[in-house]
Amino acid sequence: MSTVAFHTLGCKVNHYETEAIWQLFKDAGYDRTDFERRSDVYVINTCTVTNTSDRKSRQVIRRAIRSNPDAVVCVTGCYAQTSSAEIMEIPGVDIVVGTQDRTKLIGYIDQFRTERQPINAVGNIMKNRVYEELDVPSFTDRTRASLKIQEGCNNFCTFCIIPWARGLMRSRDPQEVVHQAQQLVDAGYLEIVLTGIHTGGYGEDLKDYNLAQLLRDIETNVKGLKRLRISSIEASQLTDEVIGVLKESEIVVRHLHIPIQSGSDTVLRRMRRKYTMAFFAERLERLREALPDFALTSDVIVGFPGETEEEFMETYEFIRDHRFAELHVFPYSQRIGTPAARMTDQIDEQVKNERVHRLIGLNDQLAKEYASAYEGQVLEMIPEEPYKEDPESGLYEGYTDNYLKVVVPADESMVGKIVRVKIKKAGYPYNEGVFVRVLEDNPEPAV
């Protein structure tokens, strides 16, 4: 029996797609092995979000070739899509497939084994208008399931290469989404995270159907789903209708990840982000009326070209005043091939790092403040895995619906189930909890 080994770089979507590609290999009779071991086929799912991602992708490709020079080495993902010729030049790479036509991979491997000629199967992603169906009935990680609902992005922010790697916005057929969601619940998952390249844009390319309707259809038609999370949504996508659905829903969690990138209107214009801070603030106000205690998490880019101290402070103060619960802070990095990389007023690395540290300090303070409001309260969490800092301690970690990471004494039988915990000591990045009880209507996972 042939073996296949995978290595995934980058985002949640890539991890989802690796699972989908594994299903294709599994159906073709392959065994999965560890990437560090000798394998007949290696699949490297690459990332290109920064120049460093490209470099890391190349390193992993070379590692696979060294592990078994006779193996069939396949490269897919975003870096493969944007730089296929560069990858084909690496001696030992046999097949390059971009971010489409992954379903043809097994056929390409058979073709390569017969003809022994390297295959570059990367096509023009910008011409693609159809969502590529990839089935993921279950995951190697058994507590939270991702469900990809759309592909591509039409925004073309000046710092971002992703539309060139993923193409334009394509939404998945709503019936497929509901079917996949039910399949995941039947496999034992209680929480599903809706994911995509531009998740909140779902439905923009569909006639008479949108994200709010999809959320309603999942809630109405998927039996046994306890939690639904949206991986990321733009402020402009939080329409009154979507906010109405969030307010009424029994399963959409009290947590939204809304990328802000900057809190300064002038920086946002240079980034080609299509909102103002007044609009962002108004949407947050609406959200808090509907979900008073929701957790707001976000991404921020610090040191974008031309960012002044005043512009940075506008970001700092907006985030502080609007009580964000957690931030992912990134120093701006020049992505070759994007308009922002060609801007002349690049910020000094030292200035960038100093601003990053100030925002991380604010993040720690805000995250502790948000968590402290729940000290002494009973919340529901799903234990995911043994506590990373001390795996032998009998403690398990997982997330509450409002995205607090809790560590609680538990055992293997509780993993993936919804349990009630009391927050004994709030903190960041971990809160200490005490176990109250397992909720009774946890379904038995299908074997």
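Computed from a predicted model, the values in this text were never measured in an experiment.

Visitor: Which parts of the structure should I look at to understand the side chain of Arg 170?
Guide: Relative to the assigned elements, Arg 170 resides in strand E8 (residues 170-171). For the buried Arg 170, no salt bridge is present, and the opposite-charge side chain at shortest range is Glu 151, 4.5 Å distant. Looking at Arg 170, its side chain comes within polar contact range of the main-chain oxygen of Leu 168, at 2.8 Å. Setting aside its immediate chain neighbours within four residues, Arg 170 contacts Ile 125, Asn 128, Arg 129, Val 130, Tyr 131, Gln 150, Glu 151, Gly 152 and Asp 205.

Visitor: Looking at this model, I keep getting lost on the UniProt feature "domain: TRAM" (unreviewed entry) in the chain. Mind explaining?
Guide: Residues given the UniProt feature "domain: TRAM" (unreviewed entry) here are residues 372-437. The span residues 372-437 carries 2% helix and 52% strand; its end-to-end C-alpha distance comes to 22 Å.

Visitor: Any chance you could explain the sheet that holds strand E18 (residues 431-438) here in plain terms?
Guide: Two modes of strand pairing occur in sheets, parallel and antiparallel, and in both the strands are linked by backbone hydrogen bonds. Taken in spatial order, the five strands of this closed barrel run E14-E15-E16-E18-E17, and their pairing is mixed. Averaged over all adjacent pairs, the angle separating strand axes in this sheet is 50°, with direction ignored. Bridge analysis of strand E14 (residues 378-386) against strand E17 (residues 419-425) gives four bridges, and the strand direction is antiparallel. When the sheet's bridge partners are listed, Met 381 is paired in E17 with Val 419.

Visitor: What is the right way to read the packing of aromatic side chains from this model?
Guide: Each aromatic ring pair is specified by the distance between its two centres and by the angle formed by the two planes. According to the stated counting rule, one finds 17 aromatic pairs in the structure shown. Their ring planes at 45° and their centres at 6.0 Å tell us that Tyr 16 and Phe 139 sit as a pair that is tilted. Of this pair, Tyr 16 sits in helix H1 (residues 12-27) while Phe 139 is found in the loop between strand E6 (119-120) and strand E7 (144-151), placing the two residues 123 residues apart along the sequence. According to the relative accessible area criterion, Tyr 16 is buried, its value standing at 2%. Look at Tyr 275 and Phe 280: their rings are 5.7 Å apart centre to centre, the planes differ by 45°, and that puts the pair in the tilted class. Phe 280 shares its class with Tyr 275; the two are buried. By the ring-pair criterion, three or more aromatic residues cluster together here, those being Phe 6, Trp 22, Phe 25 and Tyr 30.

Visitor: So what exactly am I meant to see when it comes to the side chain of Glu 191 here?
Guide: Mapped onto the elements, Glu 191 comes out in strand E9 (residues 191-196). Here Arg 227 takes part through its side chain, which lies 2.9 Å from a polar atom of the side chain of Glu 191. When neighbours within four sequence positions are excluded, Glu 191 is seen to be in contact with Thr 143, Arg 144, Ala 145, Leu 225, Arg 227, Arg 229 and Ile 382.

Visitor: Would you mind going over the nonpolar core with me for this structure?
Guide: When a protein is soluble and globular, its nonpolar side chains tend to lie buried together. One finds Ile 192, Leu 246, Ile 258, Phe 280, Leu 287, Phe 324 and Leu 359 to be the most contacted residues of the largest nonpolar core, which totals 72 residues. Each residue touching Phe 324, except ones within four places of it in the same chain, is listed here: Ile 260, Phe 280, Leu 284, Leu 296, Ser 298, Phe 318, Ile 319 and Leu 366.

Visitor: How should I be thinking about the sheet that holds E9 in this particular structure?
Guide: A sheet is described by the order of its strands in space; here four strands give the open sequence E8-E7-E9-E10, paired in mixed fashion. Pairing within the sheet leaves two strands with one partner each, and these edge strands are E8 and strand E10 (227-230). Here E9 pairs with E10 via four bridges, running parallel. In the strand pairing of E10, Ile 192 is matched with Leu 228.

Visitor: Please explain the pairing of strand E1 (residues 3-8) as it appears in this structure.
Guide: Two faces belong to every sheet, and in a regular strand the side chains alternate between them. Bridge count between E1 and strand E2 (residues 31-33): three bridges; the pairing is parallel. Among the inter-strand pairings, Ala 5 is bridged to a residue of E2, identified as Thr 33. Handedness of the E1-H1-E2 crossover: right-handed. The pairing of E1 with strand E3 (residues 41-46) spans five bridges and is classified as parallel. Looking at the pairing, Phe 6 lines up with Val 43 of E3.

Visitor: Teacher, can you tell me more about the domain arrangement of the chain here?
Guide: As a measure of interface size, the accessible area lost when the parts come together is often cited. When cut into domains, the chain gives domain 1 (3-123), domain 2 (145-372) and domain 3 (377-438). Its C-alpha centre places domain 1 at a distance of 36 Å from the equivalent point of domain 3.

Visitor: Would you explain the environment of Glu 282 in this entry?
Guide: Mapped onto the fold, Glu 282 is located in helix H11 (residues 277-290). For Glu 282, a relative accessible area of 30% translates into the label partly exposed. Sequence separation of Glu 282 and Val 356 is 74 residues, and the distance between their C-alpha atoms is 26 Å.

Visitor: Just to check I follow, could you spell out helix H9 (residues 240-248) for this structure?
Guide: Within the sequence span of H9, burial applies to Val 242, Ile 243, Val 245 and Leu 246. In an axial view of H9, the angular spread of the buried residues amounts to 155°, which keeps them on one side of the axis. The outward face of H9, more than 90 degrees from its buried face, is lined by the exposed residues Lys 247 and Glu 248. Against helix H8 (211-221), E10, strand E11 (255-257) and H11 lie the buried residues of H9.

Visitor: When you look at unusual backbone geometry in this model, what are you seeing that I'm missing?
Guide: In most cases, non-glycine residues show a negative phi, while peptide bonds are predominantly trans. Omega for the peptide link from Tyr 428 to Pro 429 comes to 5°, which places this bond in the cis form. Mapping Pro 429 onto the fold places it in the loop between E17 and E18. Positioned with a positive phi, Arg 272 is a non-glycine residue whose angle comes to about 60°. Inspection of the secondary structure assignment puts Arg 272 in the loop between helix H10 (265-271) and H11.

Visitor: What exactly am I supposed to notice about the pairing of E10 here?
Guide: Residues Arg 227 and Arg 229 line one face of E10 and the alternating positions Leu 228 and Ile 230 line the opposite face, and both faces are buried. Regarding the hand of the β-α-β motif, the stretch spanning E9, H8 and E10 is right-handed.

Visitor: What should I look at first to understand the state of the cysteines in this one?
Guide: Two cysteines, two sulfur atoms, one covalent bond between them: this is a disulfide. Scanning the entire structure with this criterion turns up zero disulfides. Cys 78 takes part in no disulfide bond, and the closest cysteine sulfur to it belongs to Cys 47, at a distance of 6.4 Å. The structure places no disulfide on Cys 153, whose sulfur is separated from the nearest cysteine sulfur, that of Cys 157, by 6.4 Å.

Rules used in this analysis
- Residues numbered from 1 in each chain as written.
- Predicted model: local features only at pLDDT ≥ 70, side-chain atom pairs only at ≥ 80, totals over all residues.
- Heavy atoms only, no water.
- Helix = DSSP H or I, 4+ residues; strand = E, 2+ residues; numbered from the N terminus.
- Buried < 20%, exposed > 50% of the residue type's maximum accessible area, 1.4 Å probe, protein only.
- Lys, Arg positive; Asp, Glu negative; His and termini not counted.
- Salt bridge = Lys/Arg side-chain N within 4 Å of Asp/Glu carboxyl O.
- Polar contact = N/O pair within 3.5 Å; in protein donor to acceptor, adjacent residues only side chain to side chain.
- Contact = heavy atoms within 4.5 Å.
- UniProt positions renumbered as here; feature names shortened; annotations may be inferred.
- Pairing = 2+ DSSP bridges.
- Axes fitted to C-alpha atoms, helices over the stretch in contact; angles between N-to-C directions.
- Phe/Tyr/Trp six-rings, centres within 6.5 Å; stacked < 30°, edge-to-face > 60°.
- Core = buried A, V, L, I, M, F, W, Y, C linked by side-chain atoms within 4.5 Å.
- Right-handed = clockwise from strand over helix to strand, strands pointing away.
- Domains from an automatic or database assignment.
- Arc of directions from axis to C-beta.
- Disulfide = S-S within 2.5 Å.

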